[in-house]
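What follows is each chain in one-letter form.
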Amino acid sequence: MTTALRDVRAIEIIDSHTEGEPTRVVVGGWPQPPGATMAARREALRRDFDMLRRAVVCEPRGHDAIVGALLTPPVSSAALAGVVFFNDVGYLGMCGHGLIGVVRTLEHLGRIGPGSVCIDTPAGTVRAELAPDGAVTVENVIAFRHLSDVKVEVPGVGLVRGDVAYGGNWFFLTELPDLPLELANVRELLRVTTAIRDTLRARGITGADGAMVDHIELFGAPRRADADSRNFVLCPGAAFDRSPCGTGTSAKMATLYARGALAPGERWHQESITGSLFTGWIEERNGAVVPYIQGRAFVTSRATLFFDPHDPFRFGFPES
């Protein structure tokens, strides 16, 4: 254990939820990771501070649905801050619901008001717009469909066909009409999506440059009258997204655009497994697809996490 980790006694956090999905923003106490880019800082966290990741978001202080967000100084001149997102199993390039939560947290801290703000992430610099009523619109990183109509025979599930797409993270997007997208069916949804992810990995089906497809997104008919589709998203690990998933909605819109089913500027309303909603649209920019996601986040608490040197679970439960 490094001296920096040994010296940690308390970490300041602000919790929020974005359309039902929790974000835990670290605002103090965590030693700042080195690096001239956000990707380098993410790797420094992975290499030198991973015990803090587990301690902040995993049990006994957290749970597997929490997405953490470490605020850092920016790396670009246009940005107000940098952020690295992490969860119960690792680190993310970008997180749409988390970015909305970060914006509302910065407002809660008095660092921003309504208007535009840029934030550096490992996936690139992201612009967000905070409206006076608290709604946040995120201009995400470029999204695209990487593979179309991928067919895999999944043990215990059968033949599954879907697309591999990028929206800040890598997704496999599919529809299984016989599998109800209901909260009461979460256990089966987790079993099926985990089996799909394992099969993709075993078959060597990846994103660009061999990137792991670590999010699985199922789509079905909406329940809300104001929605176009309902989804269930398996996140890395064994948690599911309570929100409609910002990067997943971005990936979905990129696949719709690639099929000619979504025009630039046309609104797409994505309902989550919990019934919450994101509104999205895309722009064409120099031949690329730029997705926009709009949703709401609410600050739920501000707290201090304590790290007693005598606590056997100071840095979470031991990894098996």
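For the structure, see preceding data.
All values derive from a computational prediction rather than experimental measurement.

Novice: What is the right way to look at the pattern of salt bridges in this model?
Specialist: Note that side chains of opposite charge can pair when their charged atoms are close. On inspection of all chains with the given rule, the structure shows 19 salt bridges. Of the charged contacts in the structure, one is a salt bridge between Glu-43 and Arg-42, with a shortest N-O distance of 3.8 Å. The exposure class of Arg-42 is buried, given its relative accessible area of 18%. Across the salt bridge formed by Glu-271 and Arg-230, the nearest N and O atoms sit 2.7 Å from each other. Taken as a pair, Glu-271 in strand β14 (residues 268-271) and Arg-230 in strand β13 (residues 229-234) lie far apart in primary sequence, 41 residues in all. This pair shows no difference in class: Glu-271 is buried, exactly as Arg-230 is.

Novice: What's the story with the layout of surface pockets in this structure? I'm lost.
Specialist: Over the atoms, a rolled probe matching the size of one water molecule traces out where space is still vacant. Its volume calculated, the largest pocket comes out at about 260 Å³. As for the largest pocket, its lining consists of 17 residues, and the residues nearest its centre are Arg-42, Tyr-91, Leu-92, Gly-93 and Asp-214. When grouped by side-chain class, the residues that make up the lining of the largest pocket number nine nonpolar, five polar and three charged.

Novice: Where do I start with the state of the cysteines in this structure?
Specialist: Taken as a whole, this structure holds zero disulfides when the rule is applied. Looking at the unpaired Cys-95, the closest cysteine sulfur is the one in Cys-245, lying at 7.2 Å. Look at Cys-95 and you get buried, because its relative accessible area is 7%. Of all cysteine sulfurs, the one in Cys-245 lies closest to Cys-235, which takes part in no disulfide; the gap is 6.2 Å. Given the relative accessible area of 12%, Cys-235 is considered buried.

Novice: What am I meant to see in the environment of Leu-109 here?
Specialist: Considering the arrangement of structural elements, one finds Leu-109 in the loop between α4 (96-108) and β6 (115-121). Leu-109 gets classed as partly exposed once you look at its relative accessible area, which sits at 28%. Considering only alpha carbons, one finds Leu-109 and Val-27, 82 residues apart in sequence, at a separation of 9.4 Å. Setting aside residues no more than four positions away along its own chain, Leu-109 makes contact with Ile-14, Val-27 and Arg-302.

Novice: Just to check I follow, could you spell out empty space enclosed by the protein for this structure?
Specialist: Going through the model one piece at a time under the given rule, you end up with one cavity of 30 Å³ or more. Estimates place the volume of the largest cavity at around 160 Å³. For the largest cavity, the lining is made up of 22 residues, of which Glu-21, Val-67, Leu-92, Cys-235 and Asp-241 are closest to its centre. Here the lining of the largest cavity is built from residues that sort into ten nonpolar, eight polar and four charged.

Novice: Quick question: what am I supposed to make of the pairing of strand β16 (residues 288-306) here?
Specialist: In the case of a regular strand, side chains alternate between the two sheet surfaces. The pairing of strand β1 (residues 10-18) with β16 spans nine bridges and is classified as antiparallel. Counterpart to Ile-11 in the pairing with β16 is Leu-305. As paired elements, strand β8 (residues 135-139) and β16 share five bridges and run antiparallel to each other. For Thr-137, the partnering residue across the bridge sits in β16 and is Gln-294. Pairing of strand β15 (residues 277-285) with β16, which is carried by seven bridges, proceeds in the antiparallel orientation. Paired with Ile-282 across the strands is Pro-291, a residue of β16.

Novice: Got a minute to help me understand helix α5 (residues 186-203) in this structure?
Specialist: Because each turn of an α-helix spans 3.6 residues, side chains separated by three or four positions in sequence point in the same direction. With 18 residues, α5 ought to run about 26 Å at 1.5 Å a step, and its terminal C-alpha atoms sit 25 Å apart, in line with that. Regarding α5, the residues found buried are Val-186, Leu-189, Leu-190, Val-192, Thr-193, Ala-195, Ile-196, Arg-197, Thr-199 and Leu-200. Where α5 is buried, its residues touch β9 (144-154), β10 (158-166), β11 (170-175), β12 (215-220) and β13.

Novice: Can you walk me through the nonpolar core in this structure?
Specialist: One recurring pattern in soluble globular proteins: nonpolar side chains tend to sit buried together. Grouped together as the largest cluster of nonpolar side chains are 58 residues, with contacts concentrated most on Phe-85, Leu-99, Val-102, Val-103, Phe-172 and Ile-196. Counting residues per element, this core draws most heavily on α5, at seven residues. The contact partners of Ile-196, leaving out residues within four places of it in the chain, are Val-154, Val-160, Phe-172, Leu-176, Ile-216 and Leu-218. Of all hydrophobic cores here, the second largest spans 22 residues; its members include Leu-5, Val-26, Leu-45 and Phe-315.

Conventions used here
Residues numbered from 1 in each chain as written. Predicted model: local features only at pLDDT ≥ 70, side-chain atom pairs only at ≥ 80, totals over all residues. Heavy atoms only, no water. Salt bridge = Lys/Arg side-chain N within 4 Å of Asp/Glu carboxyl O. Buried < 20%, exposed > 50% of the residue type's maximum accessible area, 1.4 Å probe, protein only. Helix = DSSP H or I, 4+ residues; strand = E, 2+ residues; numbered from the N terminus. 1 Å grid on protein atoms, 1.4 Å probe; cavity = no way out; pocket = protein on both sides within 12 Å on 5 of 7 lines; lining within 4 Å. Points joined across faces, edges and corners; volume = space filled by probe spheres on them. Nonpolar A, V, L, I, M, F, W, Y, C, P; charged D, E, K, R; others polar. Disulfide = S-S within 2.5 Å. Contact = heavy atoms within 4.5 Å. Pairing = 2+ DSSP bridges. Expected span 1.5 Å × (residues − 1). Core = buried A, V, L, I, M, F, W, Y, C linked by side-chain atoms within 4.5 Å.

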